[in-house]
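Here is how the chains run, residue by residue.
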Amino acid sequence: MPYEELNEEIAPFYFMLFDDKPDDSWASLVMHQVGEYRQSVFDRRANKGFEGNGYDWNSLALVFVKEKMPDIEDKLNFDSESSMFCVRSSDVKALEKFALKFKALCDNVESMTDLFNKIELD
């Protein structure tokens, strides 16, 4: 899938491909709309300390990968900050697969909420 089309499909997430050398490419998936996108899911557990920041998104993604995509768990590197959700990988196809499936989860607020309810605040 061309990356322009992928980015349309996974918005507000954004997929970026980097080529350091022809045989050494890697990619990042980022989302800067933390605190906005699907905030209602995080607000339901605000009394437990969840804010909907990048770290909360990171926690959701980790549980998602562990439960739904364990075959690529070791291929993803999570590097979120409070203001941004970020995942990197040198396995570009694995990250693309994750991006599509994670966005599909987020498109189903009930499923996203069910998965988020399994997370414990660090």
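Residues numbered from 1 in each chain as written. Predicted model: local features only at pLDDT ≥ 70, side-chain atom pairs only at ≥ 80, totals over all residues. Heavy atoms only, no water.

(A) Quick look at the side chain of Arg-45. Its location among the elements puts Arg-45 in the loop between helix H2 (39–43) and helix H3 (54–68). Buried charge without a partner: Arg-45 forms no salt bridge, and the closest opposite charge is Glu-120, 4.9 Å away. (Helix = DSSP H or I, 4+ residues; strand = E, 2+ residues; numbered from the N terminus. Buried < 20%, exposed > 50% of the residue type's maximum accessible area, 1.4 Å probe, protein only. Lys, Arg positive; Asp, Glu negative; His and termini not counted. Salt bridge = Lys/Arg side-chain N within 4 Å of Asp/Glu carboxyl O.)

(B) Inspection of the pattern of salt bridges at higher detail. In this structure the tally under the stated criterion is seven salt bridges. A salt bridge links Asp-91 to Lys-75; the nearest nitrogen and oxygen atoms lie 3.4 Å apart. You can see Asp-91 sitting in the loop between strand S4 (85–89) and helix H4 (92–107) and its partner Lys-75 sitting in the loop between H3 and strand S3 (77–78), a full 16 residues away along the chain. For Arg-88, the salt bridge identified is with Asp-79, shortest N-O distance 2.3 Å. Overall, Arg-88 belongs to the partly exposed group, its relative accessible area being 31%. Residues participating in the shared-partner salt-bridge network are Arg-38, Lys-103 and Asp-107.

This is a description of form; function is not addressed.
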